[in-house]
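Examination of the molecular architecture
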Amino acid sequence: MKHSRSRARMTFQRKLLVYSIVLSVFPVLTVGLLSSYFASRSVQGEADESHRYMLSQMQTQLNQFTKSLHINSIYIATNLAVEKSVRDGPGIDNLNASLEMNETIRRIRSTSPVRYNVSILYKRFNNYIYSNEYGPDTIARLRLPAILDKLKPVDNEAYVVPANTFDDQPELLLFRPVPINSDYSDGVVVLHVSPDDILQFVGSMEHGHGTRVLVADEKNRIVISSKREEMGRPLDDALQPGQAGGAARTAVIGGERYKVQAQKSSLNDWTYIAMTPMAELTAQSERIRLTTWIIAAALLIVWAIIAAVGSRRMYVPIQRLAERLVPRGRHERSRGDGLLALGDYVEHLADANRQLSSRLNEQFPYLKQGMFQQLLREEMSERELTLAAGHAGLHFRGTHVFVIVAEADDIQAFRQTYREKDRALIHYALLKMMEETFQGESVPFCSGFTPKTGRVVLLVGMDGDAREARDALTRRADEAREHVRTYFRFPVSVAIGRPLPGFADIGKGYDEASALLAGRFVPGGDVTIGAEQADEGLLRLSRQTVERQKRIVHDLLHGNLPDARKLLADIVAELAAAQVRPETAMGLFAYLLGELDYSLQQTGCDIQAADVDLYAELHRLRSLPELARWLSDELFPTIKELTERDAVSKRTKTIREVMGYARERVERGDDMTLQEAADRFRLSVSYLSKLFKDEAGLNFSEYVLELRLTKAKMWLEHTDMPIKDIAERTGYASVQNFNRVFKQRYDVPPGEYRKEKRQASG
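The structure contained in this document is the topic of the report that follows.

Quick notes on the overall build of the protein
A tally of helices and strands in the protein yields 27 helices and 15 strands. Buried residues in the protein amount to 45% of all 762 residues. Long-range contacts, defined here as pairs at least 24 residues apart, represent 63% of the contacts in the protein between residues at least 6 apart. For the protein, the accessible area works out to roughly 39,800 Å², and carbon and sulfur atoms hold 52% of it.

Shown next, in the form of structure tokens:
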């Protein structure tokens with residue numbers, strides 16, 4: 001920590017001096033250390049290759065040795081003269097058989113490339129032992145019957161016992177039964193091989209770089225070694241075949257590190273091990289490393305002198321640039337370091353840019369939603385649309401534009417099934433499914449939004465023939481309805497408006513598609529309705545009715561009750577004159593109630609608070625005049641009274657609750673966003689943002705930032721809490737971000753602010 005603080009207090013000129021020295025020495029160190037590393041790897045690679053070659057050669061030699069030894073033992077064990085001698089036994093009565101056996105053994109030994117001696121153990125005749133070389137005293141000292149009893153042979157296989165496995169056993173012994181299938185019950189032929197003869201046969205066990213080779217049997221006993229005292233002993237744990245495997249590795253034996261490589265024999269399950277002291281392999285790399293450090297020390301001295309002079313000259317342009325660009329107060333706070341002042345100034349600009357980008361990204365979904373809403377209300381020109389689309393990252397394409405509206409057939413059931421807190425998720429999933437269904441290679445543009453509860457609007461740009469495009473969209477609309485029935489378990493109807501020449505005209509297309517949806521009550525819902533399928537008279541009537549309904553909603557929200565009643569009377573008169581079916585009229589008024597309910601929710605007003613169930617009341621009424629009287633005399637006055645009574649008090653209460661919620665979250669150190677606050681209080685983000693600005697006088701993000709910094713100031717002034725902990729508890733991802741925001745707000749870093757407050761308080 002102390003080193004990092006001292007490094008942070010260094011001026012750029014000093015850092016330039018230090019970095020110049022480091023950069024001059026670093027390449028030498030790097031090249032030298034890499035050279036020593038690659039030299040060590042090269043030597044070790046050569047050692048690995050040498051190990052593999054030695055092990056292969058040793059295996060070949062020992063395979064020949066053991067193969068020759070086993071063949072000779074088989075020749076002796078299967079010889080008729082030997083079998084007859086074992087069967088008849090020793091003695092003067094069987095002298096001819098003994099002489100013939102002795103001659104046979106001499107002849108077999110003389111043709112063998114391996115030097116060995118032979119003993120015959122007569123198990124049926126009190127373990128009498130015949131030997132071609134040893135006398136009775138030596139034979140007795142070897143204790144061959146005792147060794148055979150310890151081996152406990154259970155079959156006719158030959159047994160190899162490494163030298164020094166048992167006391168007074170200086171030679172390698174090979175046991176085989178006579179006759180060869182007698183299960184060691186009649187006689188045993190024993191071949192004695194001196195370790196010197198084995199080494200003479202296989203060659204030297206010592207090689208360059210101090211490399212040694214060991215051979216162990218299947219029981220991990222050393223069969224062959226250059227050190228005779230090791231023969232017959234168990235392998236060191238570090239050399240166990242199960243650990244060594246076939247790859248080279250490092251093992252510590254007797255306090256010394258060795259490079260070890262092992263190889264299994266496929267002939268007799270013996271293990272061949274090559275081991276080289278690591279000190280021998282790394283000696284060359286150590287010499288290179290020492291030379292590197294000496295050269296680096298010499299360069300450090302020379303380059304320190306050059307860097308001291310050069311860094312002073314290189315720093316002059318930076319100092320002049322800082323004096324010209326950076327404000328004097330900011331430059332003085334940077335302790336006279338010109339580059340630090342420039343860096344702080346650039347960080348200040350970059351931080352401001354990041355905050356603007358963050359706010360823009362936070363508002364991006366609502367920018368897109370608001371742009372589409374303006375298009376539907378025909379409040380945006382072609383030029384304004386182009387600019388807004390560029391900000392929203394949208395690229396409108398297509399020679400024909402279609403407005404597609406999908407809406408749940410039973411809005412009341414939809415509201416009862418999905419509570420308000422779940423509708424946002426359902427709307428999002430429904431919109432994504434519709435977009436995925438309509439998108440494809442033949443669709444240059446497809447994007448949508450949710451204007452109200454239970455309704456999704458898609459804007460689709462198409463190329464080519466308008467009729468073919470409309471037919472393709474109709475097929476996809478049918479497919480979309482099937483998907484909704486399958487995955488959402490409620491029916492929807494889809495209306496496709498006429499092709500439009502441009503995206504600026506989609507307000508007309510939306511009105512037309514909304515009017516088309518009114519006709520779904522005739523066939524019973526769950527249908528795809530195209531403009532070419534609608535009755536022109538009904539369509540024209542529906543368009544006018546939808547327009548009047550929008551104006552009714554607008555007048556009611558602004559307290560204009562007389563105009564709302566007049567527009568309602570006009571709608572009723574038109575419907576009566578047109579003699580539409582009751583289902584169609586019911587659908588038009590259901591649309592009016594849906595628009596009214598949605599608009600009230602956007603303003604934070606809940607019609608259910610007045611104990612009014614809009615859709616239940618709508619379906620209870622039995623005639624058009626009765627419906628008109630209920631709307632004009634009961635519902636409209638209730639809405640006016642509700643909006644006027646709750647407007648001021650509810651806004652103030654809501655903002656106070658939002659502020660309290662924000663303070664609680666900031667106190668816990670949690671992240672806090674406008675979207676989370678809107679979800680918590682079941683408001684739209686755009687409405688909450690405007691309401692907060694109007695009531696509190698500042699943006700929501702500015703209020704949260706002020707809460708965090710106020711809390712941080714209190715901790716800095718009255719506690720010894722580390723700045724890192726303060727940054728974490730106020731919701732910042734890093735100390736650097738916290739320092740930048742605090743300094744930008746109060747023109748002083750957190751550490752200096754704490755110091756100033758402590759000094760002021762004495």
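Read on for the rest.
Section: the packing of helix α24 (residues 700-718) against helix α26 (residues 735-746)
Two elements in contact, α24 and α26, have axes separated by 11 Å at closest approach and are oriented at 95 degrees. Our classification of the angle between α24 and α26 gives roughly perpendicular. Along the contact surface, α24 presents Leu705, Glu706, Leu709, Thr710, Ala712, Lys713 and Leu716, while α26 presents Phe738, Val741, Phe742, Arg745 and Tyr746. Class assignment of the residues belonging to the contact of α24 with α26 gives a composition of eight nonpolar, one polar and three charged.

Some remarks on the environment of Thr710
Tracing the backbone through its elements, the reader meets Thr710 in helix α24. Between the C-alpha atoms of Thr710 and Thr730, which are 20 residues apart in sequence, the distance is 9.8 Å.

Things to note about the packing of α24 against helix α27 (residues 750-760)
It is at 8 Å that the axes of α24 and α27 come closest, and there the two elements cross at 50 degrees. Judged on the interaxial angle alone, α27 and α24 are oblique. The handedness of the crossing between α24 and α27 is right-handed. Listed contacts from α27 to Lys713, Trp715, Leu716 and Glu717 of α24 are Pro750, Tyr753, Arg754, Lys757 and Arg758. Among the residues making up the contact of α24 with α27, the classes are represented as four nonpolar, no polar and five charged.

So, the sheet that holds strand β14 (residues 492-496)
Taken in spatial order, the five strands make up an open sheet running β12-β13-β11-β14-β15, and their pairing is mixed. In this open sheet, the two edge strands, each paired with only one partner strand, are β12 (445-452) and β15 (528-530). The average angle at which neighbouring strand axes cross in this sheet is 20 degrees, direction not considered. Sheet topology places β14 next to β15; three bridges connect them, and they run parallel. In the sheet register, Ala495 faces β15, and the bridge partner there is Ile529. Packed onto the sheet, helix α15 (residues 466-487) meets β11 (400-408), β13 (455-462), β14 and β15 and runs at close to 170 degrees relative to β14.

Thoughts on a nonpolar patch on the surface
On the surface, Val18, Tyr19, Val22 and Leu23 cluster together into a nonpolar patch covering about 380 Å² of accessible area. Note on placement: Val22 falls in helix α2 (residues 12-78).

Focus on the environment of Ile74
In this fold, Ile74 is placed in helix α2. Setting aside residues up to four positions removed in sequence, Ile74 forms contacts with Arg176 and Ile180.

A word on unusual backbone geometry
Note that the residue after Val178, namely Pro179, is joined by a cis bond; omega there is -10 degrees. Summarising the element assignment, Pro179 is placed in the loop between β4 (172-178) and β5 (187-193). If you check the backbone angles, Tyr184 has positive phi at about 60 degrees while not being a glycine.

Describing the pattern of salt bridges
Taken as a whole, this structure holds nine salt bridges when the rule is applied. For the salt bridge of Asp570 with Lys566, the shortest nitrogen-to-oxygen distance reads 3.7 Å. Of this pair, Asp570 and Lys566 both sit in helix α18 (residues 561-578), four residues apart, roughly one helical turn. Exposure remark for Lys566: the relative accessible area of 53% places this residue in the exposed category.

Conventions and cut-offs
For every chain, the first residue of the written sequence is number 1, and numbering continues from 1 along that sequence. Two thresholds apply to this predicted model, a pLDDT of at least 70 for residue-level local features and 80 or more for giving and counting side-chain atom pairs, whereas whole-chain, interface and lining totals are computed over all residues. As a rule here, side-chain values cover all heavy atoms of the structure and leave hydrogens and water aside. Each helix is a run of DSSP H or I of at least 4 residues and each strand a run of E of at least 2, with the numbering of both proceeding from the N terminus. With a 1.4 Å probe rolled over the protein chains alone, any residue whose accessible area is under 20% of its type maximum counts as buried; one over 50% counts as exposed, and the rest are partly exposed. Residue contacts are defined here by distance: any two heavy atoms, one from each residue, within 4.5 Å place the two residues in contact. Only the protein chains shown count as cover for residues, and all accessible areas are computed by the Shrake-Rupley method using a 1.4 Å probe. Interaxial angle, 0 to 180 degrees, is taken between N-to-C directions of lines fitted to C-alpha atoms, where a helix line uses only the stretch in contact. Here is the rule for angles: anything less than 35 degrees is roughly parallel, anything more than 145 is roughly antiparallel, 65 through 115 is roughly perpendicular, and the remaining ranges are oblique. Side-chain classes are defined by residue name, with Ala, Val, Leu, Ile, Met, Phe, Trp, Tyr, Cys and Pro counting as nonpolar, Asp, Glu, Lys and Arg as charged, and the others, Gly among them, as polar. For any helix crossing, the convention is left-handed if the near helix is rotated counterclockwise from the far helix by under a right angle, and right-handed if that rotation is clockwise. Here, strands pair whenever DSSP counts at least two bridges between them. Surface patches are defined over residues having more than 30% relative accessible area and no salt bridge, joining like charges when they lie within 9 Å and nonpolar side chains (Val, Leu, Ile, Met, Phe, Trp, Tyr) when within 5 Å. The term salt bridge refers to a pairing of a side-chain nitrogen on Lys or Arg with a carboxyl oxygen on Asp or Glu at a separation within 4 Å.

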